Amino acid sequence: MSEIKRIGIDTSKAVFTLHAIDQADRPVLRVNLRRAQMLPFFKKRPRTEIAMEACSSAHHWARKLTALGHDVRLIPPQYVKPYVKRGKNDRNDAEAICEAAGRPGMRFVLTKSEAQQADGLVLKVRETLVAQRTQLINALRGHAAEFGVIAAKGTSQIAPLLAAVAAEESIPAAAKAMLALLGEEIAHLDGRLKELEAKLLAMHRANAISQLLATIPGIGPIIALTLAVEVDPKAFQSGRHLAAWLGLTPREHSTGGKQRLGGISRAGHERLRSLLVSGATAVIRHASQGGGKLASEWLRQLLSRKPRKLAAVALANKMARIAWAVMSSGEAYRHPAAGAAAA
């Protein structure tokens with residue numbers, strides 16, 4: 001036990017599987033611990049390197065174990081998978097985590113504080129409520145269409161749709177009651193979302209980094225706050241590394257010295273990537289309507305030779321790199337035209 005070099009932990013809701021190796025990388029301990037046994041076990045251990053996958057509850061355990069004096073490393077799950085042997089089980093997973101943590105080129109996830117997780121939770125709850133509202137709206141539109149009542153897309157069309165349903169005499173009373181119930185649930189979620197958005201706006205105004213990020217064209221309070229909460233610029237060597245982490249860089253299929261680039265990898269932060277692409281789409285839509293201030297010469301040339309959707313992804317990549325530069329330097333974004341005029 002005193003020769004333990006590293007411990008890999010496969011976390012679970014109730015049972016935690018530990019795999020420990022010595023200085024020669026030989027297995028010296030394989031054990032299962034219940035949740036209540038975790039902290040007492042590590043309190044008795046001297047300072048040890050501990051590796052876990054950066055998944056649910058990992059940041060909580062990382063904070064607890066770090067407070068006990070241990071060195072905790074969180075590994076992205078996709079970087080652990082190549083080390084899992086045939087026959088997936090908890091013991092093999094813990095061994096793979098332990099093995100992956102010892103690789104020289106391995107990348108790790110920084111442990112989040114409770115405050116960071118709390119701010120991120122507000123954003124995640126808003127995303128969940130938006131998804132639920134979209135589901136209810138689609139259900140309402142679909143059921144109304146079964147009775148021949150059709151409405152245009154968009155949340156603003158819900159009230160006219162409900163009015164049309166109420167006015168349609170051919171719809172049975174039971175169906176009208178169910179459609180009205182869906183409308184009430186949508187209205188309830190609208191109220192909750194307004195409350196959350198007011199809270200997020202207050203959080204944005206209180207966050208200096210978020211306000212700096214909002215100076216970038218295409219980045220509003222929600223995207224700025226998400227970047228400020230979810231991204232630590234010190235974890236990336238450059239803006240290109242951040243764009244790659246977000247999945248906004250091409251997937252490569254190169255071999256034999258010949259480079260082949262495909263579509264974007266989509267291998268990173270799905271929610272943030274989606275927000276950046278939406279922001280880039282808004283910039284392109286504004287630019288196509290004569291918004292000269294937002295449309296740079298680079299964007300105009302790109303739109304002249306590439307489809308709008310492809311240009312939106314390319315612009316989102318550029319926005320991510322600019323965001324990294326803003327967060328790293330602590331300076332507000334300066335439009336290229338403004339920078340040239342100042343020079």
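Owing to the predicted nature of the structure, the values given are computational and were not obtained by experimental measurement. (Residues numbered from 1 in each chain as written. Predicted model: local features only at pLDDT ≥ 70, side-chain atom pairs only at ≥ 80, totals over all residues. Heavy atoms only, no water.)

Student: Before we move on, could you go through helix α1 (residues 35–43) and cite the residues and values that matter?
Tutor: Of the residues making up α1, those classed as buried are M38, F41 and F42. Each buried residue of α1 sits inside an arc of 85° when the element is viewed along its axis, so together they form one side. Turned more than 90 degrees off the buried face of α1, the exposed positions are A36 and K43. Residues of α1 that are buried sit in contact with β1 (6–10), β2 (15–21), β3 (27–34), β4 (49–53) and α2 (58–67). (Buried < 20%, exposed > 50% of the residue type's maximum accessible area, 1.4 Å probe, protein only. Helix = DSSP H or I, 4+ residues; strand = E, 2+ residues; numbered from the N terminus. Arc of directions from axis to C-beta. Contact = heavy atoms within 4.5 Å.)

Student: Please give an account of the packing of aromatic side chains that cites residues and values.
Tutor: Taken as a whole and assessed by the stated rule, the structure comprises three aromatic pairs. Both rings, one in F236 and one in W245, keep their centres 5.3 Å apart while their planes meet at 55°; by these two values the pair is tilted. Taking the relative accessible area as the measure of exposure, F236 reaches 15% and is therefore buried. Between the NZ or CZ atom of K318 and the centre of the ring of W298, over which it lies, the distance is 4.2 Å. (Phe/Tyr/Trp six-rings, centres within 6.5 Å; stacked < 30°, edge-to-face > 60°. Lys NZ or Arg CZ within 6 Å of the ring centre and 35° of its normal.)

Student: Summarise the sheet that holds β1; cite the residues concerned and give the values.
Tutor: Taking strand neighbours across the sheet as the criterion, the five strands line up as β3-β2-β1-β4-β5 in an open arrangement whose pairing is mixed. The sheet terminates laterally at β3 and β5 (71–75), the two strands that pair on one side only. When the angles between neighbouring strand axes are averaged without regard to direction, this sheet yields 20°. Across seven bridges, the pairing between β2 and β3 is antiparallel. Paired with I21 across the bridge in β3 is P27. Against the sheet, α1 makes contact with β1, β2, β3 and β4, and its axis sits at roughly 135° relative to β3, the strand it touches most. Against the sheet, helix α4 (residues 90–101) makes contact with β1, β2, β3, β4 and β5, and its axis sits at roughly 135° relative to β1, the strand it touches most. (Pairing = 2+ DSSP bridges. Axes fitted to C-alpha atoms, helices over the stretch in contact; angles between N-to-C directions.)

Nothing here speaks to function; it is geometry throughout.
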